[in-house]
Amino acid sequence: MSDQTDGNGAVETAYRHVRHAIITGELQPGEELREARLAERIGVSRTPVREALSRLNNEGLVLLERYRRGRVASFDGADVAEVFRLRAKLEGHGARRAARRISAEDIAQLETIEDQMEAAFSEMGWHRHLAEFDRLNNEFHALIARAADSPRLERILAASLELPASIFNTYSEPVQDRTRRTHRQHREIIDALRARNPDWAEAAMAGHLFSIVHLPDSGD
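Residues numbered from 1 in each chain as written. Predicted model: local features only at pLDDT ≥ 70, side-chain atom pairs only at ≥ 80, totals over all residues. Heavy atoms only, no water.

Could you clarify how one ought to interpret the packing of aromatic side chains in this entry?
Using the criterion set out here, one finds zero aromatic pairs in the structure. Geometry around Tyr15 places Arg55 over its ring, the cationic atom sitting 3.6 Å from the centre. (Phe/Tyr/Trp six-rings, centres within 6.5 Å; stacked < 30°, edge-to-face > 60°. Lys NZ or Arg CZ within 6 Å of the ring centre and 35° of its normal.)

When you look at the packing of helix H5 (residues 104–124) against helix H8 (residues 175–194) in this model, what are you seeing that I'm missing?
A pair of packed helices is captured by two measures, namely the crossing angle of their axes and the spacing between those axes. Packing of H5 against H8 leaves a shortest axis separation of 10 Å and a crossing angle of 165°. Here H5 lies roughly antiparallel to H8, going by the angle between them. Note that H5 runs across H8; the crossing there is left-handed. Residue-level inspection shows Ile107, Leu110, Glu111, Glu114, Asp115, Met117, Glu118 and Phe121 of H5 in contact with H8, the latter providing Gln176, Thr179, Arg180, His183, His186, Arg187, Ile190, Leu193 and Arg194. In terms of residue class, the contact of H5 with H8 is built from six nonpolar, four polar and seven charged. (Axes fitted to C-alpha atoms, helices over the stretch in contact; angles between N-to-C directions. Helix = DSSP H or I, 4+ residues; strand = E, 2+ residues; numbered from the N terminus. Parallel < 35°, antiparallel > 145°, perpendicular 65-115°, else oblique. Left-handed = near helix turned anticlockwise from the far one by under 90°. Contact = heavy atoms within 4.5 Å. Nonpolar A, V, L, I, M, F, W, Y, C, P; charged D, E, K, R; others polar.)

Explain the environment of Arg180 here, please?
With respect to the secondary-structure elements, Arg180 resides in helix H8. Here the alpha-carbon distance between Arg180 and Glu118, two residues 62 residues apart in the chain, equals 8.6 Å.

Can you help me understand the sheet that holds strand S2 (residues 62–64) in this one?
Across the sheet, which stays open at both edges, the three strands sit in the order S1-S3-S2 with antiparallel pairing between neighbours. Across the chains shown, the open sheet's two edge strands, defined by having one partner strand only, are strand S1 (32–33) and S2. Pairing of S1 with strand S3 (residues 70–72) involves two bridges; the strand directions are antiparallel. Across the sheet, Glu32 pairs through a bridge with Arg71, a residue of S3. (Pairing = 2+ DSSP bridges.)

Geometry only, nothing functional implied.
As structure tokens, then:
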């Protein structure tokens, strides 16, 4: 039993390490993922790394080529548009559910998270606060997903709808402008949840996500 637990723990460690490196842009799109090098870097054997890469392949963040050789997946404009359309619809639905279910304590926690995000932006500047911003932003959205009381929705959002930070490198709007807008939108989402207004919460969350990147017209 302990060997299995240790094995599962090693897979989870490898999965989280590689996934974080992809999402933050430490591992770039198209970069080869060598099992031996990753295993040494993470401190596990190659088998957990292989299982982690298979899991990330299922999530669309890794491409496994012939002979199980892995590369970080690349995303074009259509991929980005699809992910944000899906997130807007799913997280909008989650915010709608949360408006009827979220506790006062959770609303207070959302305010604390947003306060911390704004403080980091003010104290560190837009170019140095991004790692902290990403961490707190994920907490903000995850808390609302939990408050929706839909484990299925939580799993979908956690497993398959994140994108590498590198997709924003070609985004024409300055990062500081997008960040300031995010703060305003987070405050509106909190207001909608506090008001227990499902329509407002859904619209605020969907609008927030649609505004993050320029979505090319796909004709649908």
